[in-house]
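Each chain is listed here by its residues.
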Amino acid sequence: MPWEQGPIRPPSEAGSLLLRVTRNCPWNRCTFCATYKGERFSRREREEILAEIRSLRQAADRMEELAGGEVTDGVAQEIYAAYGFPYFHLANWLKSGGRNVFLQDADSLVLPTGELVTVLRALKDTFPSVTRITGYARAATLSRQKPEDWRELASAGLSRLHVGLESGSDPVLRFVQKGVTAAREIEGGQKVVAAGIQLCFYVLVGLGGRDFRTEHPRATAAVVNAVRPDFVRLRSLSVQPGTPLHEQMLSGAFVPLSEDEQVEEIETFLTYLDPYDGQVVSDHILNLLGEVEGVLSRDRERMLEVCRRYLSLPEDERLLYRLGRRLGQFESLADLSGPRRAGVEEKLLHWRSRDRVEEVITRLKHRFV
Ligand code: SF4
């Protein structure tokens, strides 16, 4: 790998250039998260990051030379065949205008502000086409930044932060060892919004399990309402083997919600959200109802209607939809009366006769984690 890369980035940053400024997660204690378990956190040296930016520029120059100007699809394919994926990713990024950069890993704002500002400026100077620089950040870290930090970061080009809010309920945050309180989530979120940096909150549906199934969506909506982030991205909890939460699930200390109960929880969450101009996004394959998307001020009722429509289906239809969704055959409830229904029905009959439908759905979901 010519350039260092971390394991994940948000789906919305699929086309972004990835630049790793820290490695792994400085907290690494959330009981539901397996992403960095067993990995040590470290900061990359400023000089190392700057050298990487220069190396990306040199490679980009060579690609543009090879293309005789702008990188095209054909040139990107040639680069893939000759040099492999990291170069192909860079070529594709150039081809699409070289605008977005995503800073990895889990909490880029733990870097001293001066260092991060140097990196942001170097990125913009080296790649003048860059218009959006984003990164993950922990809410606890955001709340510690001072007003002057935010001013510097915003003016150096930090344009969006992705924050794993997960829940706005203190008991849930404590239970999953998130290392933050609702009050600090609000404080941190409000600072980002006040700095004019776009904010994206990730909400983990089902994280409170049965014990907090009412508290979790209500309290989470209260934090969102207090902060009013630009985006609220829904994620559905699927407990991963190997995590502490999985152990708690096996011991009975955590009782997960069924998929139908998760939809009920989304309905409660949407009901308590203010109809402001923030956008709800369901851009993850684990979300059962990908149609629950829209601008709150305009589409909240429609999104609620999707939840209600699903919940009012007969049990067999809900099961058929869940299976079709996990098989990648259904994208919306309308597919229940579409041409793919017959194929999914056939599979449902097959696994039902073996009493294995739920097991198969769980297995299919784990493919996406
Ligand atoms: S802060 Fe984020 S990356 Fe770190 S352990 Fe928690 S969920 Fe995982």
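Parameters at a glance
- Residues numbered from 1 in each chain as written.
- Predicted model: local features only at pLDDT ≥ 70, side-chain atom pairs only at ≥ 80, totals over all residues.
- Heavy atoms only, no water.
- Domains from an automatic or database assignment.
- Contact = heavy atoms within 4.5 Å.
- Buried area = accessible area lost by both parts, 1.4 Å probe.
- Salt bridge = Lys/Arg side-chain N within 4 Å of Asp/Glu carboxyl O.
- Helix = DSSP H or I, 4+ residues; strand = E, 2+ residues; numbered from the N terminus.
- Nonpolar A, V, L, I, M, F, W, Y, C, P; charged D, E, K, R; others polar.
- Buried < 20%, exposed > 50% of the residue type's maximum accessible area, 1.4 Å probe, protein only.

A.B. asks: I tried to follow the domain arrangement of the chain on my own but got confused; where do I start?
C.D. replies: When the parts of a complex come together, some accessible area is lost, and that lost area is often used as the size of the interface. Domain annotation of the chain identifies domain 1 (138–312) and domain 2 (314–369). For domain 1 versus domain 2, the separation of C-alpha centres amounts to 27 Å. Listed by partner, the interface residues are 19 residues for domain 1 and 14 residues for domain 2. When domain 1 packs against domain 2, the two sides together hide about 1600 Å² of surface, and 54% of this comes from carbon and sulfur. Ranking the residues of domain 1 by area buried against domain 2 places Glu259, Ile285 and Tyr310 at the top, with a combined share of 35%. The interface formed by domain 1 and domain 2 includes four salt bridges. The element that contributes the greatest number of residues to the side of domain 1 that touches domain 2 is helix H12 (residues 296–311), accounting for four residues. Of the residues in the side of domain 1 that touches domain 2, the class split is nine nonpolar, six polar and four charged.

A.B. asks: Would you take a moment to explain the environment of lysine 124 for this structure?
C.D. replies: Position of lysine 124 among the secondary structure elements: in helix H4 (residues 113–126). For lysine 124, a relative accessible area of 30% puts it in the partly exposed group. Distance from lysine 124 to alanine 156, taken between C-alpha atoms, is 8.5 Å for residues 32 residues apart in sequence. Apart from residues lying up to four places away in sequence, lysine 124 is in contact with Val130, Thr131, Ile133, Ala156 and Gly157.

A.B. asks: I keep staring at the pattern of salt bridges and nothing clicks. Help me out?
C.D. replies: Opposite charge on two side chains lets them pair, provided their charged atoms get close. Counted under the stated rule, the structure contains 31 salt bridges. For glutamate 52, the salt bridge goes to arginine 44, with nearest N and O atoms at 3.0 Å. Note on glutamate 52: relative accessible area 7%, which makes it buried. For arginine 44, a relative accessible area of 3% puts it in the buried group. A salt bridge links glutamate 261 to arginine 210; its shortest N-O distance comes to 2.9 Å. In this pair, glutamate 261 is assigned in helix H11 (residues 259–272) and arginine 210 in the loop between strand E7 (198–205) and helix H9 (215–227), connecting sequence segments 51 residues apart. Among the residues examined, glutamate 261 registers a relative accessible area of 12% and is labelled buried. With relative accessibility at 39%, the residue arginine 210 sits in the partly exposed group. A cluster of three or more residues bridged by salt bridges with shared partners is formed by Glu4, Arg20, Arg23, Arg44, Glu48, Glu52 and Asp105.

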